[in-house]
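Architecture and fold: a report
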Amino acid sequence: MRFNPKADATIALSLMGTEVTFSVDPHPDPKYRAVKFPHAMTGDRSTIWHMHVYQSDDEYALKVPNAKYPGRSDVQEICTRLDLLKLVEGLESSDRFCLTREAAAPTIELYAELEYAVLMPWIRGTSWFDAHQDHERTRSLGSLSRWQCLQLGHRLACVLSELESRRIVHCGLCPENLIVDTESVRVEVVGLDDIHYCGATQNGRTRTKLPGYAHPAYSESQVDGAFDRFPGALLLAEILAWFDEKVRGQCGAESYFEPDELQVEGLGKFHALEDAVSQHHPDLARLLGGAWKSAAPDSCPSIQQWRETLERVMLTKIEYAWLRGASRPARRNPRPRCWNSEQPQGHRKAGANGEKP
Amino acid sequence: MPYTVAATTRTPALIVYLIDISGSMSEKFDGATRIDHVNEAIGNILQRMVQRSTKGEIVAPRYRLGMFAYSDAPVDILGKIATISEVVQKGRPKLSPSNATNTHDAFVAARDLLKRELPNLQGKPAPMVCHLTDGEYTGADPQPIAEEIMRLGNDDGQVLIENIYVGSGFAKPIKKIDAWPGIRSEDDLKDNYAKKLYRMSSPLPESYAEVVEQEGYSLQTGSRMLIPCNSRELIELAFAMSGATPTA
């Protein structure tokens, strides 16, 4: 049976012998909800379905690899690799359950496409891609204060520097892979499938097509520890500068810079970004300038330099006490997940209620 | 390389649908009328485009659609080139069968629209015309107009034409749709109109073949963008091809 559920359809997934019923979320835009379009996102490798455990608020993302995606069999290894990161603040989507024949046989019997699908927590917040698309509609982001931007930039720097310190590169830093929650001052980095452990031999296909974010001098064979520095610098600068209406107004629809604008000397859009960043502190603008003028990714300032500079800038602000408390990156206890909690909500025996798509 | 510009907000893909709504579209096959299958397939491809344009909650305007229904004369059912959001807001088009099959005039309408649009499509994906019909045309021969359209183009490539032929135009039945490589020669087709549509169809670009493959099909680069449809699944495949402009 083809896996193509409509909005509100219920689906029973067998997870290590326990059947959990999920409901497919409708598209959040009422226009599409009215025609029963589900909330789903299709990329060149997979479709992500937004679901929640039936009759509960527990939200999940089900990532279903495209039918002929050649890396299907690497998915389980990627999940194992990511398991090491699930306690890192900002990498919540590394907590995954892979639907294999061993772990979810009845589900795969029903939907062969779900073999190597991955269940992971749904990350609440606004995708940075949406902020680019329409900052009127993503109101909470359109009215960020300078201080909030500084906090969010710091959060992103913390996540990325944590990866950098472990010699891990994300390889896919772009707006669609950042989720920003202004209420909890959280930045989550998603799209973790291409994460690359430097020096390790690993299966999996690294995607490094990042239009508007990849360093112009980057070459295919060159995924090294510095790969994230350039896209990381641009995204950090965007978040830090988002309080500035001029920056928001000049932002391209899917990337701040078009690919052919990167590192162009005297580019007005770059100077607008640089000016806004320097309002926090000139040292931050210098880091951005260093990345912009760099000859190669490894000559960009490291993410650790961004983090240290941001912490120094924040410590000079009146919110010193707040930073020392709430904002310090902390290890967290993972939330219980439906695949390992003892009494998951929505649990039911096979064949009970629930329509199948 | 041609046909590599991705459909993005800044470079949206333009797809023009020409849908035959002649009386024979009310004939039944595979459990429903032909027009019902088409309505369902249009709904599915719109959903697919929405999914390809969503990276959070907002649907990015990565596709622009034109839609003509034709019998005696083409009717612009959207009234303009519309974004998916506008198409959905208007209500998915519900097509119902009518009289003749003036395919020539439908292609003329598509050609005129493309001539107006092409000056603004530099740097954007080459546009596509997706024509669906279930039988021979009445009136003038559409082939010269289709050939004229295929000579138009932009810096990404010449305009692509896909033909979806609802009927039994195959020389041999397709056993496994997901393993089918597509039509590579006129000899694969048995009726003369299907052969004419073959000549009115573009070769499938590599980048499109890759996207169609992600949907689970095996159409080969260079096979013709012609799908003779005698089942719901083939109509589904045919519309999947119409939305196969690569995305970022």
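Since the structure is predicted, the reported quantities are computational estimates derived from the model, not experimental observations.

Things to note about the overall build of chain B
A count of helical and extended segments in chain B gives 7 helices and 11 strands. In summary, chain B has a C-alpha radius of gyration of 16 Å against a globular reference of 18 Å for 248 residues, a match within 12%. The dimensions of chain B, computed from C-alpha atoms along their principal axes, are 40 × 35 × 35 Å. Here chain B holds 248 residues, and 64% of them are scored as buried.

Regarding the overall build of chain A
Looking only at helices and strands, one finds 12 helices and 12 strands in chain A. A burial count over chain A gives 58% of its 357 residues as buried. In the form shown here, chain A has an accessible surface area of approximately 15000 Å², with 48% of it arising from carbon and sulfur atoms.

Brief notes about the sheet that holds strand 8 (residues 126–127) of chain A
Strand pairs in the sheet, formed through backbone hydrogen bonds, run parallel or antiparallel to each other. Residues and elements named next belong to chain A. What the 3 strands build is an open sheet, ordered 8-10-11; its pairing is antiparallel. The two strands at the open ends of the sheet, each matched to only one other strand, are strand 8 and strand 11 (186–189). Relative to strand 11, strand 10 (residues 178–181) runs antiparallel, the two sharing 4 bridges. Across the sheet, Leu178 pairs through a bridge with Val189, a residue of strand 11. Sitting on the sheet, helix 6 (residues 146–165) touches strand 10 and strand 11, and the angle it makes with strand 11 is about 35 degrees.

Structural notes on the pairing of strand 10 of chain A
Strand residues, when the strand is regular, have side chains that alternate between the two faces of the sheet. Residue and element names in this part refer to chain A. Because side chains alternate across strand 10, one face comprises the buried residues Leu178 and Val180, and the other comprises Ile179 and Asp181, equally buried. Examined bridge by bridge, strand 8 and strand 10 share 2 bridges and lie antiparallel to one another. Bridging across to strand 10, Ser127 finds its partner in Ile179.

Let's talk about the packing of helix 3 (residues 103–117) of chain B against helix 4 (residues 143–151) of chain B
Residues and elements named next belong to chain B. Following both chains from N to C, one finds helix 3 and helix 4 inclined at 20 degrees, their axes separated by 9 Å at the closest point. Comparing the axis directions of helix 3 and helix 4 gives the class roughly parallel. As helix 3 packs across helix 4, the resulting crossing turns out to be left-handed. Counting all contacts with helix 3, which are made through His104, Phe107, Val108, Ala110, Arg111, Leu114 and Lys115, the residues of helix 4 involved are Ile145, Ala146, Glu148 and Ile149.

As for the interface of chain B and chain A
With 33 residues of chain B at the contact, the number on the chain A side is 33 residues. For the pairing of chain B and chain A, the buried interface totals around 3000 Å² over both sides, and the portion due to carbon and sulfur atoms is 50%. For chain B, the biggest contributors to the area lost against chain A are Gln47, Lys55 and Ile58 of chain B; these three give 25% of the whole. Between the two partners, chain B and chain A, sit 2 salt bridges. For the pair chain B and chain A, the number of links is 13 residue pairs in polar contact (both at pLDDT 80 or more).

What about helix 10 (residues 282–292) of chain A?
Those residues of helix 10 of chain A lying buried are Leu284, Ala285, Leu287, Leu288, Gly289, Ala291 and Trp292 of chain A. Against the buried residues of helix 10 of chain A lie helix 6, helix 7 (229–241), helix 9 (268–278) and helix 11 (303–315) of chain A.

As for the nonpolar core
If you look at the biggest cluster of nonpolar residues, it comprises 92 residues, and the most contacted ones within it are Tyr17, Val129 and Phe239 of chain B. No other element matches helix 1 (residues 34–53) of chain B, which puts 8 residues into this core. Leave out the neighbours within four places in its chain, and Tyr17 of chain B touches Ile45, Met49, Leu65, Gly66, Met67, Phe68, Cys130, Phe239 and Ser242 of chain B. Counting residues in hydrophobic clusters, the runner-up holds 71 residues, among them Val159, Leu160, Ala214 and Leu288 of chain A.

Side note on unusual backbone geometry
In this structure, Asp8 of chain A is a non-glycine residue whose phi angle is positive, near 75 degrees. Note that Asp8 of chain A resides in the segment before strand 1 (10–15). In this model, Tyr3 of chain B sits at a positive phi of 60 degrees, which is unusual for a non-glycine residue. In this structure, Tyr3 of chain B sits in the segment before strand 1 (13–20). A relative accessible area of 13% means that Tyr3 of chain B is categorised as buried.

Regarding helix 7 (residues 232–242) of chain B
Where burial is concerned, most of helix 7 of chain B is hidden: 9 out of the 11 residues are buried. The set of residues buried in helix 7 of chain B consists of Leu234, Ile235, Glu236, Leu237, Ala238, Phe239, Ala240, Met241 and Ser242 of chain B.

Some points on the packing of helix 7 of chain A against helix 11 of chain A
To describe two helices that pack against each other, one gives the angle between their axes and the distance between the axes. Residues and elements named next belong to chain A. Running from amino to carboxyl end, helix 7 crosses helix 11 at an angle of 25 degrees, the nearest separation of the two axes being 10 Å. The orientation of helix 7 relative to helix 11 falls into the category roughly parallel. Here Arg229, Gly232, Ala233, Leu236 and Leu240 of helix 7 lie close against helix 11, whose contacting residues are Ile303, Trp306 and Leu310. Partitioning the contact of helix 7 with helix 11 into residue classes produces 6 nonpolar, 1 polar and 1 charged.

What to know about the packing of aromatic side chains
Residue and element names in this part refer to chain A. Evaluated as defined, the whole model comprises 11 aromatic pairs over all chains. Taking 5.2 Å as the distance between ring centres and 85 degrees as the angle between the ring planes, the aromatic pair formed by Phe3 and Tyr111 counts as edge-to-face. Here Phe3 is found in the segment before strand 1, whereas its partner Tyr111 is found in the loop between helix 3 (105–110) and strand 7 (118–121), with 108 residues between them in sequence. Each member of the pair, Phe3 together with Tyr111, is buried.

Focus on the environment of Asp194 of chain A
Residues and elements named next belong to chain A. Looking at the element boundaries, Asp194 is found in the loop between strand 11 and strand 12 (196–197). We classify Asp194 as buried; its relative accessible area is 5%. Once the C-alpha coordinates of Asp194 and Glu265 are considered, the two residues, 71 residues apart in sequence, prove to be 31 Å apart.

Some words on the environment of Ser71 of chain B
As for its position among the elements, Ser71 of chain B is in the loop between strand 4 (63–70) and strand 5 (74–76). Look past the residues within four positions of Ser71 of chain B in its chain and what remains in contact with it is Ile21, Ser98, Asn99, Ala100, Thr101 and Asn102 of chain B.

Structural notes on the confidence of the model for chain A
All names here are of chain A. Taken as a whole, chain A shows an average pLDDT of 86; of its residues, 85% reach a score of 70 or greater. The least confident element of chain A is helix 12 (residues 320–327), whose mean pLDDT is 55; the most confident is helix 10, at 98. Predicted confidence for residues 347–357 stays below pLDDT 50, and this span has 20 contacts to residues more than four positions away or in other chains.

A look at the side chain of Ser202 of chain B
In this structure, Ser202 of chain B sits in the loop between helix 5 (192–199) and helix 6 (206–214). Within the structure, Ser202 of chain B has its side chain in polar contact with the backbone nitrogen of Ile161 of chain B (distance 2.8 Å).

Thoughts on the pattern of salt bridges
Residue and element names in this part refer to chain A. With the rule as written, the count across this model stands at 34 salt bridges over all chains. We note a salt bridge from Glu261 to Lys269, for which the minimum N-O separation is 2.9 Å. Assessed through its relative accessible area of 17%, Glu261 is described here as buried. Taking the shortest distance from any N to any O, the salt bridge between Arg312 and Asp283 comes out at 2.9 Å. With Arg312 in helix 11 and Asp283 in helix 10, the pair connects residues that are 29 residues apart, well separated along the chain. Taken together, the shared-partner salt bridges connect Glu92, Asp95, Arg186, Glu188 and Arg337 into one network.

What counts, and at which threshold
Residues numbered from 1 in each chain as written. Chains lettered and ligands numbered in written order. Predicted model: local features only at pLDDT ≥ 70, side-chain atom pairs only at ≥ 80, totals over all residues. Heavy atoms only, no water. Helix = DSSP H or I, 4+ residues; strand = E, 2+ residues; numbered from the N terminus. Rg over C-alpha atoms; globule rule 2.2 N^0.38 Å. Buried < 20%, exposed > 50% of the residue type's maximum accessible area, 1.4 Å probe, protein only. Areas by Shrake-Rupley, 256 points an atom, 1.4 Å probe, with all protein chains shown as cover. Pairing = 2+ DSSP bridges. Contact = heavy atoms within 4.5 Å. Axes fitted to C-alpha atoms, helices over the stretch in contact; angles between N-to-C directions. Parallel < 35°, antiparallel > 145°, perpendicular 65-115°, else oblique. Left-handed = near helix turned anticlockwise from the far one by under 90°. Buried area = accessible area lost by both parts, 1.4 Å probe. Salt bridge = Lys/Arg side-chain N within 4 Å of Asp/Glu carboxyl O. Polar contact = N/O pair within 3.5 Å; in protein donor to acceptor, adjacent residues only side chain to side chain. Core = buried A, V, L, I, M, F, W, Y, C linked by side-chain atoms within 4.5 Å. Nonpolar A, V, L, I, M, F, W, Y, C, P; charged D, E, K, R; others polar. Phe/Tyr/Trp six-rings, centres within 6.5 Å; stacked < 30°, edge-to-face > 60°. pLDDT = per-residue confidence, 0-100.

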